[in-house]
Structures are given as structure tokens and as C-alpha cells.
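These are the residues of each chain, in order.
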Amino acid sequence: MSLNSDRIKAIIFDLDDTLYDCSGTLVLKSRKLAAKIISKAIKCSEIEALKLQLELEDRLGPKADIFHEIANQYNIPEDFCEEISNTINTLEVEGATLFPDTMASIDELKRIGHKLFLVTFGNREMQEKKIKALGLERVFDKIIITDNPLGKEKCFREILTKYDLEPEQVLCVGDKIKDEIEVGKKLGMHTALMKHGRHYNFYKSEITENAPYTFITKISDLLRDDENQ
Ligand SMILES: [Mg+2]
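Residues numbered from 1 in each chain as written. Predicted model: local features only at pLDDT ≥ 70, side-chain atom pairs only at ≥ 80, totals over all residues.

Lay out the overall build of the protein chain in plain terms, naming residues and giving numbers.
Helix and strand counts for the protein chain come out as nine helices and six strands. Scaling as 2.2 N^0.38, a compact globule of 229 residues should have a C-alpha radius of gyration of about 17 Å, and the protein chain matches this with 19 Å. Projected onto its principal axes, the C-alpha coordinates of the protein chain cover approximately 60 × 40 × 30 Å. Burial analysis of the protein chain (229 residues in total) assigns 31% to the buried set. (Helix = DSSP H or I, 4+ residues; strand = E, 2+ residues; numbered from the N terminus. Rg over C-alpha atoms; globule rule 2.2 N^0.38 Å. Buried ≥ 20, exposed ≤ 12 C-beta atoms within 10 Å, placed from the backbone.)

Encoded structure:
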């Protein structure tokens, strides 16, 4: 299927690791912040504390609560996890930048008449900070932030109803196979998986050749006319 098709009237974008490199910038920064607290708690260097987090994520996946895992492993009181999440929520996001082709591609998708939505999961305050830092506040027809890990389906349904769209008129773009891509498929939308970041890397071995979604490596791939995407 060409993604640049007349049948597509709206595109729902994910934010992190879809429109910018979250894994390589903010996630890494937050791991370094957490390493300061972990190193004190388990008496190791910050580099070892960073390595421990990366190894746990490699083994348990990007959705695992690695701070609880560390607390359990090292018998640390529970408020350790709270201290880490409070610290991470103060993470500075200034300096975060979109992938080089993101803004121009979004402008072009708008120009050719698509309605554009942003649906992102995470701490509201943090996601709002990112959206502002990335200059995306006024780019979309609607931005929805959900702090419910299973909340995207409800958001997608709201968009379909409010904007009077059929699922087959909607393209859902994201990096998480187990989240927005499966939800979009379930609702009957077209889907495009962004091959980027820690979620994609963890689950990519499960992707079969005849996977029922299109792959992209950059947002401008959505503007290509050919069938070989
Ligand atoms: Mg994402």
C-alpha cells in the first residue's frame, strides 16, 4: 500500500522515538540521573549503575520496571524507586530536537490535506515539556496525552468519533509494535512502524517477513509514492 494515498485522510503520530530520538537522548539522560541514586544505594560507581540499568533493560525489555527490580535484588527500601522517578521527572528536555526531516514532512502532509494528530503516553507534565521543547505545540489538529499505559485505544476511538473518520482512512505511526501498532491494527487502521529506538530494537526479532504493517525509517517515508516501502 502506498501511504501517500487518497484513502488516508488522517495520521495519528506517536511522539517518543517516532518524531525524535528519545532512546538516544532523554532516556539515556534519565538513566544517568538514576545512576547517581543507584550508585549511592548499592555502593558502586555511577558507570556500573548505568551498566546495570542497561543490562536489565536488555534482558527484561523496555517496559520492565528496572528500578523495582534493582530494589528487590539489592534489598533496598521501596522509597528508592520514588526518589528515582521524582528525579527523572525533573529531567531537562531543552535541547531535544526532532529528526531532521520531521517538521518538513509534517508541513507537507498538512499541505496535502491530512488531518494530523499526536497521541502520546507518559507523565503529562513531562510530555508537555517535550512537546514545547520540540516546537510541536501548534502543529497538530489535536494533541492527546494519556498516562494510562493501555490508554491509546481510547484516544484513537475518540479521534475517530470526534473527527468522523473511518478506521481505514487513518494511518497510525509509531515505534511500538505492542502498543500503537497493534491498537491501530485492531481498530482497522493502516499502520506504519518506525524502525527506531529501544522498543523497536527489543521486539524486532519477533517481526515476521509478512508482518501486517508498513515499515518506515524516517517520517518523510510517508510521502513516498511507491509501493516498495
Ligand atoms: Mg514511542
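Lay out the sheet that holds strand 2 (residues 115–121) in plain terms, naming residues and giving numbers.
Two orientations exist for strands paired in a sheet by backbone hydrogen bonds: parallel and antiparallel. Strands sit in the order 3-2-1-4-5-6 across an open sheet of six strands; the sheet is parallel. Here the strands that pair on one side only, and so sit at the sheet edges, are strand 3 (142–146) and strand 6 (214–216). In this sheet, neighbouring strand axes are inclined to one another by 20° on average, regardless of whether the strands run parallel or antiparallel. Relative to strand 4 (residues 170–174), strand 1 (residues 10–13) runs parallel, the two sharing four bridges. Of the residues in strand 4, the one forming a bridge with alanine 10 is valine 170. The strands touched by helix 7 (residues 152–162) are strand 1, strand 2 and strand 3; relative to strand 2, the strand with the most contacts, the crossing angle is about 160°. This element, helix 8 (residues 177–187), spans strand 4 and strand 5 (190–194) of the sheet and lies at about 170° to strand 4. (Pairing = 2+ DSSP bridges. Axes fitted to C-alpha atoms, helices over the stretch in contact; angles between N-to-C directions. Contact = placed C-beta atoms within 7 Å.)

Describe in detail the packing of helix 3 (residues 66–73) against helix 4 (residues 79–88), supporting the description with residues and values.
The geometry of helix 3 relative to helix 4 is characterised by a closest axis approach of 9 Å and an angle of 150° between their N-to-C directions. Classed by the angle they form, the pair helix 3 and helix 4 counts as roughly antiparallel. In this structure, helix 3 crosses over helix 4, and the sense of that crossing is right-handed. For the pair helix 3 and helix 4, contact is made by Phe67, His68 and Ala71 and by Phe80, Cys81 and Ile84, respectively. Considered class by class, the residues forming the contact of helix 3 with helix 4 number five nonpolar, one polar and no charged. (Parallel < 35°, antiparallel > 145°, perpendicular 65-115°, else oblique. Left-handed = near helix turned anticlockwise from the far one by under 90°. Nonpolar A, V, L, I, M, F, W, Y, C, P; charged D, E, K, R; others polar.)

Please give an account of the nonpolar core that cites residues and values.
Of all hydrophobic cores here, the largest spans 34 residues; its most connected members are Ile11, Ile12, Phe13, Leu171, Cys172 and Val173. Contributions of two or more residues to this core are made by strand 1, helix 5 (102–111), strand 2, helix 7, strand 4, helix 8 and strand 5. Isoleucine 11 has contacts with Leu109, His114, Leu116, Leu171 and Val173, leaving out every residue within four places of it along the chain. Listed in part, the eleven residues of the second largest apolar core include Ile37, Leu52, Ile70 and Ile84. (Core = buried A, V, L, I, M, F, W, Y, C linked by C-beta atoms within 7 Å.)

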